[in-house]
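Close look at the chain arrangement
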Amino acid sequence: MAAAAPPTPHGTGFPAEGRCGYYVEKKKRFCRMEAAAGRRFCGEHAGAAQEENARKRILCPLDPKHTVYEDQLTRHLKKCNAREKPKPDFFIEDINADLEDETEIPEQLVPISSLSEEQLENLIKKLRKASEGLNSTLKDQIMSHPALYDALNDPKNGDSATKHLKQQASILGNIEKLNLLGPRRCFVEFGAGKGKLSHWVDTALKDADKVHFILVEKVTTRFKVDGKHRKKNSVFERLQIDIQHLCLNKVPLLSKEKLPLVGIGKHLCGMATDLALRCLIETYAASFEERNEEPLAKRIKNDKTEKEINNLTNEGNEKNVPEKWTPVAGIVIALCCHHRCDWRHYVGKEYFKALGLGAVEFHYFQRMSSWATCGMRKTSSEASNITTTKKDHQSDDNEEHDDGDYRITDDNTKSLPGFLTVEEKKKLGQLCKLLIDQGRIDYLQRKGFCSSLQYYIDPVVSLENVLLTALPNHSSSPDITV
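Residues numbered from 1 in each chain as written. Predicted model: local features only at pLDDT ≥ 70, side-chain atom pairs only at ≥ 80, totals over all residues. Heavy atoms only, no water.

Some words on the overall build of the protein
Per the secondary structure count, the protein includes 13 helices and 12 strands. By residue count, 49% of the 482 residues in the protein fall in the buried class. Taking contacts inside the protein between residues at least 6 apart in sequence as the whole, the part at least 24 apart equals 71%. Counting every atom, the protein has about 25,400 Å² of accessible surface; 48% of that belongs to carbon and sulfur. (Helix = DSSP H or I, 4+ residues; strand = E, 2+ residues; numbered from the N terminus. Buried < 20%, exposed > 50% of the residue type's maximum accessible area, 1.4 Å probe, protein only. Contact = heavy atoms within 4.5 Å. Areas by Shrake-Rupley, 256 points an atom, 1.4 Å probe, with all protein chains shown as cover.)

Details of the UniProt feature "domain: CHHC U11-48K-type" (unreviewed entry) in the protein
UniProt records the feature "domain: CHHC U11-48K-type" (unreviewed entry) at residues 57-84, using the numbering of this structure. For residues 57-84, helix accounts for 25% and strand for 21%, while the C-alpha atoms at its two ends are 22 Å apart. (UniProt positions renumbered as here; feature names shortened; annotations may be inferred.)

Examining the pairing of strand 9 (residues 261-269)
Strand 9 sits mainly inside the fold: 9 of its 9 residues count as buried. Where strand 6 (residues 185-190) and strand 9 come together, 4 bridges link them in parallel fashion. Each bridged residue has a counterpart across the sheet, and for Val188 the counterpart in strand 9 is Gly263. Alignment of strand 9 against strand 10 (residues 328-336), held across 7 bridges, turns out to be parallel. For Cys269, the partnering residue across the bridge sits in strand 10 and is Cys336. (Pairing = 2+ DSSP bridges.)

What about the sheet that holds strand 5 (residues 139-140)?
Pairing is mixed in the open sheet, where 8 strands are placed in the order 5-11-12-10-9-6-7-8. This sheet does not close on itself; its edge strands, each paired only once, are strand 5 and strand 8 (234-240). Here strand 7 (residues 211-217) runs beside strand 8; their pairing, made up of 7 bridges, is parallel. The residue bridging Ile214 from the neighbouring strand is Glu237, located in strand 8. Sheet strands in contact with helix 4 (residues 159-177) are strand 6, strand 9, strand 10 and strand 12 (466-472), and its direction is about 150° off that of strand 9. (Axes fitted to C-alpha atoms, helices over the stretch in contact; angles between N-to-C directions.)

Things to note about the pairing of strand 12
Of all 7 residues in strand 12, 7 are buried, a share of seventy percent or more. Here strand 10 runs beside strand 12; their pairing, made up of 4 bridges, is antiparallel. Each bridged residue has a counterpart across the sheet, and for Ile331 the counterpart in strand 12 is Ala470. Bridging between strand 11 (residues 449-455) and strand 12 involves 7 bridges; their strand directions are antiparallel. Along strand 12, the bridge assignment pairs Leu453 with Leu468.

Below you can see the structure in the form of structure tokens.
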């Protein structure tokens, strides 16, 4: 039977008209679901009424968070939102994963805090030796873009919104500097979240001809902005899929148009960066090489008359007509969360092996990378204030990493051996990040790209402030130096 309905302070003790009559004791109120005509209770609480006693409700076997009539289970399973849905053509399981070296990974590795002082010292020696010759001070490439001027100067912005806008503006500025911001191409945003980076790219391009956007995100996202774009010359398509299983050349839009791709991402977390690189280079670009095909953009350029090309030049768009084209025109990704990398998917394995390092060292280096922010911790009272502030800005990019000074690390600082100071741990963490990223640079160079790392934003704005950029070696864009 339904719980008794005690008098309520703001009413008569009866449910609203047309609403369920079940009193939820935990919430001290009536259920707010609608009841069917002639019924006292909603379907979820129907079992509490004598009139429904003849029909039993059970937990849904696909999702126990809801119930279903037992005699309607077969029918329900066919339409339940939790049922496994048919996989799209561009889903190919593990196509971007590199699972060949799984046997190299030990089954159990102890936490860093459980290592002896001697073991930790040996790891640090290996790290420092492997990092010899690497430039630990990257070039500052902090930029902005006019497309975000009004948004950046909006007085209604909170601190969090301003922080994300500054990062998006700098990424957009770097995309433009590399001559990648132009017509007749497709921007693939990995880890798209709400799609705001693509939104600003589209805003900057205005009415550029034949621009497409593919937004890749594995989870359902609220408050997406890509649905607001209705321009004639740009197309937005969202793919809800894990990058690990994404075969881009089977996406209908790309298989039809064959436009050169620009891979972009803002805080592409851990191994997602490696999966995205392999998705672009080994899955998409390699498919053209195997079939000896040319992207549509190259064919368009070859077919253009001299008059049409001169018109483009006069309009100031000559930088958008490269002398040579490849399926992947460029890559611009803001890196993030090295402690979430995975040796199985890491693209820099060859680089690590050439340094005499393997899966074990990589495991500890990616965990030690969290030390890069161990000197940036806040007190509990400050953390409380931060939480309150975040709740006041519901429109901020909550799905993106709020990675200012509040990183939760893998190992508590106090549990580590005392021979390292906080500053030393911070420097070692930065070396770990640099070494992992250098493996990605080496991978891109092996694949025919000129790539580099640079600081794209002040660390006061975001501690994850390194941008990975890459262009094909024969690109007409400005030179990139590592």
